[in-house]
Amino acid sequence: MPIQGDPLYWLIVGPAILIMLIAQWRMQATFRKWGDVPNSVDLEGNQIAARLLNAFNMPEVTVQGIRGELTDNYNPMSNVLSLSQSTVREESVAAMAVVAHEVGHAQQDAQNSLLMRIRSGIVPLVHFGSQLGPLVFIAGLAAGIGWLTWIGIALFGTAFLFALVTLPVEINASNRAMEMLEQTNMLASQRERRGARAVLTAAAWTYVAGMLNALFQVFYFISLALRGQRRGDGPN
Ligand SMILES: [Zn+2]
């Protein structure tokens with residue numbers, strides 16, 4: 001299946017890839033901009049994490065440094081909050097926003113957030129679907145078995161489902177981040193508030209773009225299935 005050589009692929013998926021690149025570029029630009037602005041509490045990312053975890057009573061969460069740029073994440077299985085080189089020792093508004101966002105995930109976990117539970121719950125399904133989906137799809141197409149092709153599409157459609165569920169989880173973590181920073185008086189000025197919000201909004205757009213990309217991939221495979229069907233229906 002020569003996907004990359006198919007003009008229709010680029011026609012359908014191309015715009016989504018472009019939107020993803022723009023969202024990532026915007027995220028990096030916003031992070032760089034506010035990464036140069038020191039936060040007025042003069043705290044590094046790891047100190048901000050410690051202060052928020054303490055203020056919102058999450059002693060079960062441990063903080064560690066990890067390699068990479070903006071690879072910050074929270075692992076609900078191990079209660080470990082990992083901070084990247086972009087945030088862990090940085091005293092910027094950008095680092096403060098990203099760290100607070102990750103603490104937002106820790107709080108979702110601590111409060112047993114339904115959205116987060118749903119997202120974690122469908123992870124095995126998504127793994128299964130995205131590995132098996134393409135194989136089932138190709139098998140269906142090659143053998144001219146329509147229903148098998150559609151099962152293949154449904155299977156890797158789970159990647160879109162995951163991206164769709166991820167979006168509210170991420171937006172909620174960012175809202176929690178802003179709320180926690182406000183309550184601990186870490187946003188000293190209107191400018192700082194605007195900066196933190198800008199970083200979190202730019203990050204949210206990368207998740208919107210990821211969801212669109214997953215959706216357009218599904219559209220493309222639907223179009224392939226329909227073309228395959230039309231060929232199958234033709235006069236013999
Ligand atoms: Zn997040």
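Now for a description of the structure that goes with this document. Since the model is a prediction, treat every value here as computed from it, not as a measurement.

## Observations concerning the layout of surface pockets
Moving on, step 1. In this model, the largest pocket occupies a volume close to 820 Å³.
Moving on, step 2. Lining the largest pocket are 32 residues; nearest its centre among them are Met-27, Leu-70, Asp-72, Glu-102 and Tyr-207.
Moving on, step 3. Where the lining of the largest pocket is concerned, the elements lending two or more residues are helix 1 (7-35), strand 2 (73-75), helix 3 (93-110), helix 4 (114-143), helix 6 (158-183) and helix 7 (190-233).
Moving on, step 4. Per-element accounting of the lining of the largest pocket gives the leading share, 6 residues, to helix 1.

## Brief notes about the nonpolar core
Moving on, step 1. Leu-52 and Val-103 are the most contacted members of the largest nonpolar core, which has 36 residues in total.
Moving on, step 2. Elements that contribute at least two residues to this core include exactly helix 1, helix 2 (45-55), strand 3 (80-83), helix 3, helix 6 and helix 7.
Moving on, step 3. Dropping the residues within four chain positions of it, Val-103 is found in contact with Ala-49, Leu-52, Leu-53, Met-58, Leu-81 and Met-180.
Moving on, step 4. Core analysis: the second largest hydrophobic core is formed by 11 residues, Phe-156, Val-218, Tyr-220 and Ala-225 among them.

## What about the coordination of the zinc ion?
Moving on, step 1. Within the protein, His-101 (NE2), His-105 (NE2) and Glu-170 (OE) serve as the donor atoms for the zinc ion, at 1.9 to 2.1 Å.
Moving on, step 2. Mapping the donors of the zinc ion onto the primary sequence gives the spacing H-x3-H-x64-E. With a gap of 69 residues between them, His-101 in helix 3 and Glu-170 in helix 6 connect regions that are remote in the sequence.
Moving on, step 3. Taking the relative accessible area as the measure of exposure, His-101 reaches 9% and is therefore buried.

Calculation criteria
Residues numbered from 1 in each chain as written. Predicted model: local features only at pLDDT ≥ 70, side-chain atom pairs only at ≥ 80, totals over all residues. Heavy atoms only, no water. 1 Å grid on protein atoms, 1.4 Å probe; cavity = no way out; pocket = protein on both sides within 12 Å on 5 of 7 lines; lining within 4 Å. Points joined across faces, edges and corners; volume = space filled by probe spheres on them. Helix = DSSP H or I, 4+ residues; strand = E, 2+ residues; numbered from the N terminus. Core = buried A, V, L, I, M, F, W, Y, C linked by side-chain atoms within 4.5 Å. Buried < 20%, exposed > 50% of the residue type's maximum accessible area, 1.4 Å probe, protein only. Contact = heavy atoms within 4.5 Å. Donors = N, O, S within 2.8 Å, 3.2 Å for Na, K, Ca; no water.

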